Amino acid sequence: MAASISDLPNEILEFVFSLLPPYEPLEHCAAVCKRWNLLATNVRARKKSNLQKGLLDFNLCWKEILNESTPRIAARFAHASSLHRNSMYVFGGASSYDTTFNDLWKFDLSRREWIRPISMGTYPSPKAGASLICHNDLLVLYGGWRHAYTPFHMCTLIDELHVYNIAENRWTIHNQAYGPPPMTGHSATVHHNQMILFGGYQKQAESLHTSNDIWVLDLERLVWKKPFVSDLKPSPRYGQFQMAIGDDHILVLGGTGGVNRVFNDAWLLDMQRDTWVWKRVQIKNKKSTVTHNWCYPACNVGSKVIVLGPTSPNDFQIIRPNRVPPIARARPPNDQLRNRMGMPHGVHGPGEPNIPRNNAPPLRPNLPPPPPAPVKPPSAPALPGPSSPSSSREKVSSAVAEAKPGPSGLRSPNSNSTAGPSPRPMPVIRSAFGRQSSEDDHLPKRFNQQPLEQNHMAMVAFSVDSNNHWSSAASSSRERQLERLRKMEEKISAMRRAKEAEQHQQQQQNPADDRRQNEANESGQENREVGIDESTSDSASDPITPKRVKRNGLAIYVCDVSNLLSNGGTEPTIEWHESKNSGLIAGAPDHYTFSTMVNGNGELIVFGGLNKNHKSENLCVSNSVHFLTVPTAVV
C-alpha cells in the first residue's frame, strides 16, 4: 500500500512546513486543505514568536543573500522601503557619485531575487530621504531631497505626493494647494485610513530648519490637514523612528536636531481627543540604549523595537599605548623655555596665545631640562595669573606650537639666534611603534587625532646637549626602554607570523576545517574587543599592552514598549534590554548608515547603506541584503 505525505503526523508535517520560506510557498500549502491551512498558520505564528524570543535571548543569526542573477539593483543609501505581502519595495536613494534615483524595485522574499517593475503613469522625480508607507495595495511616497545640479548649490527639498497602485502598476501624482512644506528626514506611520507625518528637515520661506509639526493625510480623499496639538512638544528633529502603538497612539524615538544634537529621548502622542497631547516617556536602563539613534535602521516586532547601531560611544576611539614610558625629571624654568624657543628674556607675550589646544603637541612634564643660556639676563618679572601646573603646562604647550619647528625638528635660521645656542642636528631614534599591525590600517581615526610621529618630532625642541649629565642619564634610560620595546615588538611579530603560517598549513592540509577556524578567529576578535590579549609571553618582564579593537559591524539594540499603555495611571515607560557581547552577532552587516530594515514573517530584512572610508574621502555604498532570523536546527 503506497503512503502519501498526508499520512504523516501533524508534528512531522508542521516541521516540514517550517523549512519552507514563510511567504508564497507556505501560502500555497495553506490552500490545499483545512488541515494544511491550520498547520501553515501555526508555522507563521511560531516563527514570529521565535523571533521575539530570540531577540530577548540574543539567539539570532545573520544571513546574507548573494544573488548574481540579473537584474540587480544599484547600490544606494537614504532610500525608502516598505513591505507588501511577500515582497519588499524599494524606491529611490542616493549613490556615491552625487546622483539620486527615481527607480522602483521589488525584492521577492520567496525567491530571494530582485524584480524591476516597468510601471506606467507619472514617475516621481529622483530623490532620497523620502517616506514610503503601504496601505492596502497602495504605496504612498512623500518628500525627499535630491542632489544639486551644480557643485555650488545646496540640495533641493521636495514636496511631491505620489501614489503607486501595485495591482495596476501605475504611478499618479497628487498636487494640493494646502499641504506640508518640502521636507526630508521625516517619519510616517499609518493609523486606520490616515498617514501621520512628524518632524523633518523643512524649507519654509527660503529658510531651512528642523520641525516638530504634525501633518495628517486622508488616504481615501488624499487631503492634508493639520491637527491641534498641545503646547508641550518634542524638540524639532529629523531622522527619528516612529511606530504605531495601539489604535490611537504614536511613539517617537531618537532623532537629531542638527550638528552634535542627537536625541535619545522618547515621546508618546495621544490622539484620542480633539487636541492631540504629547507625553514624555520615561526610559529605563539607559546605559543599554543606542547612542546614535538617528541614521541607523529601526523597526518594530510586536511590542519590541529593534535598532541597529554602533557598539558603544567610543566606537571610533582606539586605545593605543604611549610611545615612550615617562621619565621622572624636574620641570624646566620658564626663562629657559623662553630662551630655548627664541624669545627675549624679560619679554612676555600678550597673555595666552589663541591656539587650539588640539593642535598643540602635548607637553610631558617629565622631560629633561634644556641647557642653560650662555649669558644670564636679569630676572624677568613673574607671569600674571595663577601659577598652577596646569596653566603653566598650557602656556608652554602654546609657546611650543607657536614656535612651529620644521620637519627636522630645528628652528628656522630667521628666528632669534642670539637668544640661545646654535641649532644642532638631532640623533635618529628608531621608533618602537614604526610598524603597526594590519588591523590598525583598517581602523577609523579621529579627525583631531595627531599622528604618533608628529608628537614625537614635537618633543625635539626640548632635547639637550650630549655633555649634560641630565642628557646622558635620560639618553641611557631611553635607549634601554626603546631596546626593550623593540624586542617586544619583534617577539609579537614572530608569534603572529608563526600563527599565520600554522593556520595556512592547516587550511592546506584539511580544507574542511575552514569553518571551525573562522569561528575561532571570530572568538579571538571578540576577546580583543573587550581588551583581552591572547598572546602570551615567556618572560614576565616583557608585558604586552592590550589593545581594544572594534569590529566594524552593526550591533542589535532591543527596547520593550509593552508598558506604554499600561493602566493604573502610571507614567508611560520603555525599557532597553541588556545585550550580550555588546549586541554583536557573527555575520553582522558592516557599519553602514542610512540603510533600511523591515519586518518580514519571522525575519528582519536589512538593505543598502552608506559606509565612509576613514582612510580616504571615498564613500562606500552597499546593495547587499541581510536577514536577521532565528537559527533552525534540522533533526
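Residues numbered from 1 in each chain as written. Predicted model: local features only at pLDDT ≥ 70, side-chain atom pairs only at ≥ 80, totals over all residues. Heavy atoms only, no water.

Per an unreviewed UniProt entry, the chain carries the name F-box domain-containing protein and comes from Anopheles farauti.

(A) A look at the overall build of the chain. Scanning the chain for helices and strands turns up eight helices and 34 strands. Among the 635 residues that make up the chain, the fraction classed as buried is 42%. Considering only contacts in the chain between residues 6 or more positions apart, those separated by 24 or more positions represent 64%. With an accessible surface of roughly 34700 Å², the chain has 53% of that area assigned to carbon and sulfur atoms. (Helix = DSSP H or I, 4+ residues; strand = E, 2+ residues; numbered from the N terminus. Buried < 20%, exposed > 50% of the residue type's maximum accessible area, 1.4 Å probe, protein only. Contact = heavy atoms within 4.5 Å. Areas by Shrake-Rupley, 256 points an atom, 1.4 Å probe, with all protein chains shown as cover.)

(B) Seen up close, the side chain of Ser 125. Positionally, Ser 125 belongs in the loop between strand S6 (120-121) and strand S7 (131-135). Looking at Ser 125, its side chain comes within polar contact range of the side chain of Glu 160, at 3.1 Å. Excluding its chain neighbours within four sequence positions, the residues that come into contact with Ser 125 are Phe 91, Asn 102, Arg 146, Ile 158 and Glu 160. (Polar contact = N/O pair within 3.5 Å; in protein donor to acceptor, adjacent residues only side chain to side chain.)

(C) Spatial organisation of the packing of aromatic side chains. With the rule as written, the count across this model stands at 16 aromatic pairs. Summarising the aromatic geometry, the rings of Trp 105 and Trp 114 are spaced 6.3 Å apart at their centres and angled 90° between planes, so their arrangement reads as edge-to-face. Summarising the burial analysis for this pair, Trp 105 and Trp 114 share the class buried. Judged by centre distance (5.2 Å) and plane angle (55°), the ring pair of Phe 198 and Trp 278 falls under tilted. Of this pair, Phe 198 sits in strand S15 (residues 194-198) while Trp 278 sits in strand S26 (residues 275-280), placing them 80 residues apart in sequence. Like Trp 278, Phe 198 is buried. (Phe/Tyr/Trp six-rings, centres within 6.5 Å; stacked < 30°, edge-to-face > 60°.)

(D) Looking closely at a nonpolar patch on the surface. Together, Ile 5, Leu 8, Ile 12, Phe 15, Val 16 and Leu 19 make up an exposed nonpolar region whose accessible area comes to about 460 Å². The topology assignment puts Val 16 in helix H1 (residues 10-18). Looking at Val 16, the relative accessible area reads 33%, which means it is partly exposed. (Patch = residues over 30% accessible without salt bridge, like charges linked within 9 Å, V, L, I, M, F, W, Y side chains within 5 Å. Salt bridge = Lys/Arg side-chain N within 4 Å of Asp/Glu carboxyl O.)

(E) Representation of the sheet that holds strand S2 (residues 80-84) in the model. A sheet is described by the order of its strands in space; here four strands give the open sequence S2-S3-S4-S5, paired in antiparallel fashion. Two strands lie at the open edges of the sheet, namely S2 and strand S5 (113-115), each paired on one side alone. Taken over all neighbouring pairs, the strand axes of this sheet differ in orientation by 25° on average, direction set aside. In the sheet, S2 pairs with strand S3 (residues 87-94) via five bridges, with the strands oriented antiparallel. Counted as the bridge partner of Ser 82 is Tyr 89 from S3. (Pairing = 2+ DSSP bridges. Axes fitted to C-alpha atoms, helices over the stretch in contact; angles between N-to-C directions.)

(F) Representation of empty space enclosed by the protein. Summed over all chains, the structure comprises three cavities of 30 Å³ or more. Roughly 50 Å³ of volume is contained in the second largest cavity. For the second largest cavity, the full set of lining residues is Leu 554, Pro 589, Tyr 592, Ser 595, Val 606, Phe 607, Gly 608, Ser 622, Ser 624 and His 626. Taken together, the elements giving at least two residues each to the lining of the second largest cavity come down to strand S33 (604-612) and strand S34 (619-629). For the lining of the second largest cavity, the residue count by class is five nonpolar, five polar and no charged. (1 Å grid on protein atoms, 1.4 Å probe; cavity = no way out; pocket = protein on both sides within 12 Å on 5 of 7 lines; lining within 4 Å. Points joined across faces, edges and corners; volume = space filled by probe spheres on them. Nonpolar A, V, L, I, M, F, W, Y, C, P; charged D, E, K, R; others polar.)

(G) Representation of the pairing of strand S28 (residues 298-301) in the model. The sheet contact formed by S28 and strand S29 (residues 304-309) spans four bridges and is antiparallel. Note on S29: the bridge partner recorded for Asn 300 is Val 305.

(H) Just the side chain of Thr 596, in detail. For Thr 596, the location among the structural elements is in strand S32 (residues 596-599). Judged by relative accessible area, Thr 596 falls into the buried class, the value being 12%. Separated by 3.1 Å, the side chains of Thr 596 and Ser 81 make a polar contact. What Thr 596 contacts, discounting residues up to four positions off in sequence, is His 79, Ser 81, Pro 297, Ile 605, Val 606 and Phe 607.

(I) Structural context of the pattern of salt bridges. All chains considered together, the criterion is met by 18 salt bridges. For the salt bridge of Glu 14 with Arg 46, the shortest nitrogen-to-oxygen distance reads 3.3 Å. You can see Glu 14 sitting in helix H1 and its partner Arg 46 sitting in helix H3 (residues 34-57), a full 32 residues away along the chain. A salt bridge links Asp 57 to Lys 53; the shortest N-O distance between them is 3.0 Å. One end of the pair is Asp 57 and the other is Lys 53, both in helix H3 and four residues apart, which spans about a single turn.

(J) Quick look at the environment of Asn 175. Relative to the assigned elements, Asn 175 resides in the loop between strand S12 (170-173) and strand S13 (183-184). Under the relative-accessibility criterion, Asn 175 is labelled exposed at 64%. When the C-alpha atoms of Asn 175 and Val 223 are compared, they prove to be 9.8 Å apart, with 48 residues separating the residues in sequence.

(K) Main features of the sheet that holds strand S21 (residues 241-245). Here we have five strands laid out as an open sheet, ordered S20-S26-S25-S22-S21, and mixed in their pairing. Here the strands that pair on one side only, and so sit at the sheet edges, are strand S20 (228-229) and S21. Looking at chain direction, strand S25 (residues 266-270) and S26 are connected through four bridges and run antiparallel. Note on S26: the bridge partner recorded for Leu 268 is Lys 279.

(L) Spotlight on the packing of H1 against H3. Closest axis-to-axis distance for the H1/H3 pair is 9 Å, and the angle between their directions is 60°. Judged on the interaxial angle alone, H3 and H1 are oblique. As H1 runs across H3, the sense of the crossing is right-handed. On the side of H1, the interface is formed by Asn 10, Leu 13, Glu 14, Phe 17 and Ser 18, while H3 contributes Arg 35, Trp 36, Leu 39, Ala 40, Asn 42, Val 43, Arg 46 and Lys 47. Residue composition of the contact of H1 with H3, grouped by class: six nonpolar, three polar and four charged. (Parallel < 35°, antiparallel > 145°, perpendicular 65-115°, else oblique. Left-handed = near helix turned anticlockwise from the far one by under 90°.)

(M) Representation of the pairing of S29 within the structure. Burial of S29 is extensive: six of the six residues sit out of reach of the surface. Residues of S29 alternate between two faces, with Lys 304, Ile 306 and Leu 308 on one and Val 305, Val 307 and Gly 309 on the opposite face, all of them buried. Once S28 ends, the chain turns through two residues before running back antiparallel as S29, passing Gly 302 with a positive phi of about 65°. Of the strand pairs in this sheet, S29 and strand S30 (residues 555-560) are connected by six bridges, and their pairing is antiparallel. Bridging across to S30, Val 305 finds its partner in Cys 559.

(N) Representation of unusual backbone geometry. A positive phi angle is found at Glu 206, which is not glycine, with a value near 60°. You can see Glu 206 is positioned in the loop between strand S16 (201-204) and strand S17 (207-210). Its identity is not glycine, yet Leu 222 carries a phi of approximately 55°, on the positive side. Relative to the helices and strands, Leu 222 is located in the loop between strand S18 (214-218) and strand S19 (223-225).

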